[in-house]
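Structural features, examined
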Protein chains: 4
Amino acid sequence: MKLTLKKNAYGKNAINLSKIIRHPTYHEFRQISVNVSLEGDFDTAHTIGDNAKILPTDTQKNTIYALAKEHFTDSIETFGLYVANHFINNNPPVSQVTISIIEHPWTRMAFDGELHHHAYVGGASEKRTTTITQTADSVTVTSGLKDLLILKTTDSGFEGYSKDQYTTLKETPDRIFATQCEATWTYTAQHPDYTALFTKIRETLLKTFAHHKSLSVQQTLLAMGEAVLNENAEVSEITLKLPNKHHILFNLEQFGMENKNEIFIATDEPYGYITGTVSRE
Amino acid sequence: MKLTLKKNAYGKNAINLSKIIRHPTYHEFRQISVNVSLEGDFDTAHTIGDNAKILPTDTQKNTIYALAKEHFTDSIETFGLYVANHFINNNPPVSQVTISIIEHPWTRMAFDGELHHHAYVGGASEKRTTTITQTADSVTVTSGLKDLLILKTTDSGFEGYSKDQYTTLKETPDRIFATQCEATWTYTAQHPDYTALFTKIRETLLKTFAHHKSLSVQQTLLAMGEAVLNENAEVSEITLKLPNKHHILFNLEQFGMENKNEIFIATDEPYGYITGTVSRE
Amino acid sequence: MKLTLKKNAYGKNAINLSKIIRHPTYHEFRQISVNVSLEGDFDTAHTIGDNAKILPTDTQKNTIYALAKEHFTDSIETFGLYVANHFINNNPPVSQVTISIIEHPWTRMAFDGELHHHAYVGGASEKRTTTITQTADSVTVTSGLKDLLILKTTDSGFEGYSKDQYTTLKETPDRIFATQCEATWTYTAQHPDYTALFTKIRETLLKTFAHHKSLSVQQTLLAMGEAVLNENAEVSEITLKLPNKHHILFNLEQFGMENKNEIFIATDEPYGYITGTVSRE
Amino acid sequence: MKLTLKKNAYGKNAINLSKIIRHPTYHEFRQISVNVSLEGDFDTAHTIGDNAKILPTDTQKNTIYALAKEHFTDSIETFGLYVANHFINNNPPVSQVTISIIEHPWTRMAFDGELHHHAYVGGASEKRTTTITQTADSVTVTSGLKDLLILKTTDSGFEGYSKDQYTTLKETPDRIFATQCEATWTYTAQHPDYTALFTKIRETLLKTFAHHKSLSVQQTLLAMGEAVLNENAEVSEITLKLPNKHHILFNLEQFGMENKNEIFIATDEPYGYITGTVSRE
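Criteria and thresholds
- Residues numbered from 1 in each chain as written.
- Chains lettered and ligands numbered in written order.
- Predicted model: local features only at pLDDT ≥ 70, side-chain atom pairs only at ≥ 80, totals over all residues.
- Heavy atoms only, no water.
- UniProt positions renumbered as here; feature names shortened; annotations may be inferred.
- Helix = DSSP H or I, 4+ residues; strand = E, 2+ residues; numbered from the N terminus.
- Contact = heavy atoms within 4.5 Å.
- Buried < 20%, exposed > 50% of the residue type's maximum accessible area, 1.4 Å probe, protein only.
- Polar contact = N/O pair within 3.5 Å; in protein donor to acceptor, adjacent residues only side chain to side chain.
- Least-squares fit on C-alpha atoms with pLDDT ≥ 70 in both.
- Domains from an automatic or database assignment.
- Buried area = accessible area lost by both parts, 1.4 Å probe.
- Salt bridge = Lys/Arg side-chain N within 4 Å of Asp/Glu carboxyl O.
- Nonpolar A, V, L, I, M, F, W, Y, C, P; charged D, E, K, R; others polar.
- Pairing = 2+ DSSP bridges.

Side note on the UniProt feature "binding site: urate" (unreviewed entry) in chain A
UniProt records the feature "binding site: urate" (unreviewed entry) for Thr57(A), Asp58(A), Phe158(A), Arg175(A), Val217(A), Gln218(A) and Asn244(A) in the present numbering. The greatest C-alpha distance among the annotated residues, which extend across 188 residues, is 51.0 Å, indicating that they are dispersed rather than converging on a single site. Mapped onto the elements, Phe158(A) comes out in the loop between strand 8 (139-152) and strand 9 (177-187). Not counting the four nearest positions on each side in its chain, Phe158(A) is found in contact with Leu169(A), Glu171(A), Thr172(A), Arg175(A), Leu215(A), Ser216(A), Asn51(B), Ile54(B) and Pro56(B). Examined against the element boundaries, Arg175(A) turns out to sit in the loop between strand 8 and strand 9. Judged by relative accessible area, which is 18%, Arg175(A) ranks as buried.

Some words on the side chain of Gln31(B)
Mapped onto the elements of the fold, Gln31(B) is located in strand 3 (residues 27-40). A residue is classified by how much of its surface remains accessible, and Gln31(B), at 15% relative accessible area, is buried. Among the polar contacts listed, one links the side chain of Gln31(B) to the side chain of Trp106(B), at a separation of 3.0 Å. In contact with Gln31(B), other than residues within four places in its own chain, are Leu17(B), Ser18(B), Ile102(B), Glu103(B), His104(B), Trp106(B), His247(D) and Ala266(D).

Notes on the relation of the copies chain A and chain B
The transformation that overlays chain A on chain B combines an axial shift of 0.0 Å with a rotation of 180 degrees, and the residual RMSD is 0.0 Å. Here the transformation between the copies is reduced to the relation of a two-fold axis. Interface residue correspondence from chain A to chain B reaches 100%, placing this contact among same-surface, isologous pairings.

Here we look at the domain arrangement of chain A
Residue and element names in this part refer to chain A. What the domain assignment reports for chain A is domain 1 (15-137) and domain 2 (147-279). Measuring from the centre of the C-alpha atoms in domain 1 to the corresponding centre in domain 2 gives 31 Å. Each partner contributes residues to the interface: domain 1 has 8 residues there, and domain 2 has 7 residues. The three residues of domain 1 that bury the most area against domain 2 are Ser125, Glu126 and Arg128, which together make up 62% of that side's buried surface. Run the count over domain 1 and domain 2 and you get 1 salt bridge. Between Arg202 and Glu126 there is a salt bridge, and its shortest N-O distance comes to 2.6 Å. Taken together, the connections running from domain 1 to domain 2 amount to 4 residue pairs in polar contact (both at pLDDT 80 or more).

So, the interface of chain C and chain D
Facing the 70 residues of chain C at the interface are 70 residues of chain D. For the pairing of chain C and chain D, the buried interface totals around 6,000 Å² over both sides, and the portion due to carbon and sulfur atoms is 55%. Its largest share of buried area at the contact with chain D, chain C owes to Leu3(C), His46(C) and Tyr166(C), together 12% of the area lost on that side. Summed over the shared surface of chain C and chain D, the number is 4 salt bridges. A salt bridge links Glu237(D) to Lys6(C), with the nearest nitrogen and oxygen atoms 2.9 Å apart. Taken together, the links from chain C to chain D amount to 38 residue pairs in polar contact (both at pLDDT 80 or more). Elements supplying a minimum of two residues to the side of chain C that touches chain D: strand 1 (3-13), strand 2 (15-22), helix 1 (43-48), helix 2 (57-71), helix 5 (217-231) and strand 13 (271-280) of chain C. Considering every element that reaches the side of chain C that touches chain D, the biggest residue donor is strand 1 of chain C, with 11 residues. Tallied by class, residues from the side of chain C that touches chain D come to 28 nonpolar, 28 polar and 14 charged. Summarising the sheet, strand 1 of chain C and strand 13 (residues 271-280) of chain D pair through 9 bridges and their orientation is antiparallel. Bridging from a neighbouring strand, Asn8(C) pairs with Gly276(D) of strand 13 of chain D.

Notes on the pairing of strand 9 (residues 177-187) of chain C
All names here are of chain C. Among the 11 residues in strand 9, 8 count as buried, and that is most of the element. Strand direction decides the pairing type here: strand 8 (residues 139-152) and strand 9, joined by 9 bridges, are antiparallel. For Lys152, the partnering residue across the bridge sits in strand 9 and is Phe177. Pairing geometry for strand 9 and strand 10 (residues 235-244), over 6 bridges, is antiparallel.

Shown next, in the form of structure tokens:
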């Protein structure tokens, strides 16, 4: 029986780059991590070790730093589109380029209501993300956010579920709903204002999460996805991953005290994991 | 335009379980992390918050612990198959169950050539993995390993690659090849001896990596995949992920010394990322 | 030669607790991790396995959850003081209690300038910390923050340093200064407003970092420590740990481009590590 | 009130270095992470930003790579001693040097009972460590290991402990004892065979852990420390940190099943934390 090399790809991951953009009245500081992945006609590298068609991952890395000087001036989407185009146009063996970028947020310090000229605070878990996939015929832009920790202390319950011999969970009309939200959405619009849209979609996600009367994580997930699509014609589809980071009521009754939904064990594992994609038909 | 809920799933992740199996002459200690994921007819949970068809992820967790008493006695594949079957048979709304298991290895201590009765050492980064996917019609078993750190100090080069204006990498016939190997393969055999096959495939991966005269990571990847398929008729396909964890020659020349491939900067990021799937036609 | 058991301690670490405090107009959500450590007359537990004087770490954990209901209503310092007092008063063998608390910040969401009643965003790397050490005679409160990522894009240089045969670093009047600040300070005041002081000290640290014309990390460290002591009579001593998280100028010259302090390689390792304690004489 | 700069130090951390040592019949591969910390007369760097006495941390890093070529040929202790001596002899302002080294273990692959010439497996959590502290008058060598995961499935109990109103833990004569052992010991011998001693002490720690009839973690800790001191005259003192990584009996009774110490919840947090130092009088 003959063996075949099927899907294969290579590239450089975790190209960590920072940039200072000097504006007239302040410095803008940006930090990103870029992944490059190339697919194409690389069979001879695998079969006979002929690297003639292989653009080294070290060169890919250099390219990101070099192109960032002129072309990383705006959103990660705009930069990713430029980079993807560069790789596919300059490397005939390449049939598909995937550029993934994570942006690490830094915000300017503010003192007495004034933003400082050149000092920043970082460290938020939440990251802005984008993935650009380009072939000879098409370009897809899927953007999003990840590791956004959000929590609500009420307006969330879980009742009326299926029960079997292993069910011990108590139904509750009022629990903590905590999640580490990951969202990715696909743009259909050509060259929209990616940063403005990101800000608007993020706000919609937060607002829907905060205001929803949640009967289940599943219900809130759909509500968040629908809100984003209803309010943004530029988006064709959104995928949400909402791990349920459980805060478990601590049993105070054993010490003669009542726990009126006050004291919880904050846990990391195990966790529920609820995912879904909402799309226009 | 109408919105639709497309692919969606839910389940419990990171169900961390350990078990003591008491054999006549020694104790066997096993530790696993189980993920359960269910797909099926859960639309009303999303649309109107009706949880009647939802088996809580807490119940899923309890089920894993309860079933482990009688049924986790052998390989993670055998346990995973039992568990997948349980969920699909007992929950009519479920159309697909995915059970993923990671096993954390513990090895018995040995003193003076004798294995100890009940003491173990753990902590290896390498994990054995399996994913069972079951629907009404089919069961797929994909097993593997991940986070296997392997390295060779020679018999690896990288030359003759494509060059452009951003290329600075020097060609070399002799470099360190270090990777954090992830491999997953699909079994076609029904009820093979999963543990014996795992041990044999792992050995083939190591041996091929060690003995290959590597002209590129790509070439070694294909060689490893082909060797596994050639030696194991039970396997139909294998996917390998071989990040290139660079050990970069330190420039000793600047201090008037020669670096004869001796002293390296061990780096984590950025890293090359080479992946590929080898399959029977 | 006789052997002695010298310093020894035991306790429970990573007691992860969350609490909802229901105020008339909003919910307050708090999340902390508590470590308890006890020292005292525990020799017989070590020597003959007599546990009669040992308060199990499981009981310590229960105690934290139980006491949190009534007594975790304000700062982590106030709660830590109550807890330390509880353990030393109720356990005669204990000669010293150390309670360490890390607070994970959650901030209320705001929409259209209004704070939401019960929805929060978390995920900041920065944590507020305190360590309470209580003996029969004394109580010490050392508070602080850690994992505060701060960065400035200018007003930082490094020149005029000692050089030897292994020096290759170029002197520069203008570099990025990035650090993951850890600060701990000791209070002399009895029962001050810990939260107000924390806010004020944090602001002083940020402001000094932002405004200082830094000739070295060492110089900025001393300036930050002095500013805190000068402005806060309640503090007797402050220790700062300022790892130098290097952003290294990428060599664009090799591609015929000039890098006017714009494009950097963001690195995690290796990192400089500068520490110092500033104290009142 | 005058402010003083008290204890301060600076240096480079996480200098990640790998080395190939070419022996006649095989390659030896070593990987270490080195921290350098200098203390001394650096006041003017802090007070007026005068860096004349400051050896840049970048130079420290270069020095480690350069010295490793000739001098990292044996144990991490021998290399650390050479490096510490280099820094104190060549930098008059330095009064104390601390060199900490962590070694990441790589073991040669073996096929059919034969060790391979140049292929290795890594990834063990356990690390060998050393800290060398040198002043004008003295050198101290403290070596050890960390992140050694060990576990026993029996011969461990916990009974007869102190109880109060918050105690819910059940006494048990038979439980899992799992720990992530950290041990550090101080050598009094001059230039012993550090690697032979390390191997012997590690074996004693494992053997004592395995064979001890444990009435408490505290008792096993003392037994492990005493065994090391009793068998190794070269060691004056040993400190052990034995976090109690709980495997908690899962309640199968609620499902009508008996849990005969078989099925456990493997937890990471919270964890007991037991530490102690054993010393010669």
